[in-house]
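# Architecture and fold: a report
So the chains spell out like this:
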Amino acid sequence: MANARFSEVVQVAMVVPDIETAVKAWAKILGVDAPQVVETEDWEKTGMRFRGTPSRGRAKLAFFRLSNITIELIQPVGGPSTWSEFLEKHGPGIHHIAFNVDNIDDAVKELLSIGGSVEQDGKFKGGGYVYVDAKKSLGAIVELLYHEK
């Protein structure tokens, strides 16, 4: 039986160098209107940490909410982050897959138990996220999304 914590992929995210260009291309391919590009909030609101160290790294984001999944586009802005490091090392491409989780601590522990390591974490209005680098065991960075109840 599948683990209930990881039963539904809700998002696939790509890191891109120019979000405006990427949004136009994806909108054309998907045949939809271009979504609004938003920017992550300042560190004072997100408390973002990159490998355990506070970072002022931010990103521009766009979300294509399709019927079965969300495609997220991410353009790194400013300080150190998993997004800027990925873009520098690999160029544009798929950065992570995301799951909604009810218990963030249990989900993180489970991924750590198979050799994952916490890459980045932070908060957003209504919840937060943790990126776990599980490339060695799962072949991917996994984002765990949690929402305040």
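Every chain is numbered independently, its residues counted from 1 as its sequence is written. Local features in a predicted model are, by the rule used here, given only for residues with pLDDT of at least 70; side-chain atom pairs are given and counted only at 80 or more, and totals for whole chains, interfaces and linings are based on all residues. The side-chain numbers reported here are obtained from all heavy atoms of the structure, hydrogens and water having been left aside.

## Examining the overall build of the protein chain
- For the protein chain, the helix and strand inventory stands at five helices and 10 strands.
- Just to be clear, the radius of gyration here is over C-alpha atoms, and the globule rule we use is 2.2 Å times residues to the power 0.38. For 149 residues, the compact-globule estimate of 2.2 N^0.38 gives 15 Å, and the protein chain sits close to it at 15 Å.
- Dimensions along the principal axes, computed over C-alpha positions, put the protein chain at roughly 40 × 35 × 35 Å.
- Each residue gets one of three labels from its accessible area relative to the maximum for its type: buried under 20%, exposed over 50%, partly exposed in between, using a 1.4 Å probe on protein chains only. Buried residues in the protein chain amount to 41% of all 149 residues. A helix here means a DSSP run of H or I that spans at least four residues, while a strand means a run of E at least two residues long, and both kinds are numbered starting from the N terminus.

## A look at the side chain of aspartate 121
- Considering the arrangement of structural elements, one finds aspartate 121 in strand β8 (residues 117-124).
- On the accessibility criterion, aspartate 121 (12% relative accessible area) is buried.
- Within the structure, the side chain of aspartate 121 is placed 2.9 Å from the side chain of arginine 49, a separation counted as a polar contact.
- Throughout, a residue-residue contact means that at least one pair of heavy atoms, one from each residue, lies within 4.5 Å. Every residue in contact with aspartate 121, bar those within four places of it in the chain, is listed here: Gly47, Met48, Arg49, Tyr129 and Val130. We call two N or O atoms a polar contact when they sit within 3.5 Å, provided that within protein one can donate a hydrogen and the other can accept it, with sequence-adjacent residues counted only if both atoms are side-chain atoms.

## Brief notes about the side chain of threonine 82
- Mapped onto the fold, threonine 82 is located in helix α3 (residues 82-90).
- For threonine 82, a relative accessible area of 1% corresponds to the buried category.
- Side-chain polar atoms of threonine 82 contact the side chain of glutamate 119, separated by 3.4 Å.
- The residues touching threonine 82, leaving out its near neighbours within four places in the chain, are Phe50, His95, Glu119, Gln120, Tyr131 and Ile141.

## Concerning the packing of aromatic side chains
- Side-chain rings of Phe, Tyr and Trp (the six-membered ring for Trp) are treated as a pair once their centres are within 6.5 Å; stacked means planes under 30 degrees apart, edge-to-face means over 60, and tilted covers the remaining angles. Summed over the entire model, instances satisfying the criterion amount to three aromatic pairs.
- Both rings, one in phenylalanine 6 and one in phenylalanine 99, keep their centres 5.4 Å apart while their planes meet at 85 degrees; by these two values the pair is edge-to-face. In this pair, phenylalanine 6 sits in the segment before β1 (9-15) while phenylalanine 99 sits in strand β7 (residues 93-100), placing the two residues 93 residues apart along the sequence.
- The exposure class assigned to phenylalanine 99 is buried, which follows from its relative accessible area of 9%.
- Among the aromatic residues, ring-to-ring pairing joins Trp83, Tyr129 and Tyr131 into one connected group.

## Thoughts on the pattern of salt bridges
- Any Lys or Arg side-chain nitrogen located within 4 Å of an Asp or Glu carboxyl oxygen qualifies as a salt bridge. Across all of its chains, the model carries nine salt bridges by this definition.
- Across the pair arginine 56 and glutamate 44 runs a salt bridge, and its minimum N-O distance is 2.9 Å. Of this pair, arginine 56 sits in the loop between β4 (53-54) and β5 (58-65) while glutamate 44 sits in helix α2 (residues 43-46); the two residues are 12 residues apart in sequence, bridging distant segments of the chain. Neither arginine 56 nor glutamate 44 differs from the other in exposure class; each is exposed.
- The closest approach of N and O atoms between glutamate 119 and arginine 51, which form a salt bridge, is 3.1 Å. Taken together, the residues glutamate 119 in strand β8 and arginine 51 in the loop between β3 (49-50) and β4 connect sequence positions 68 residues apart.
- With a relative accessible area of 5%, glutamate 119 lands in the buried category.
- Beyond isolated ion pairs, a larger network of salt bridges with shared partners links Arg51, Glu85, Lys89 and Glu119.

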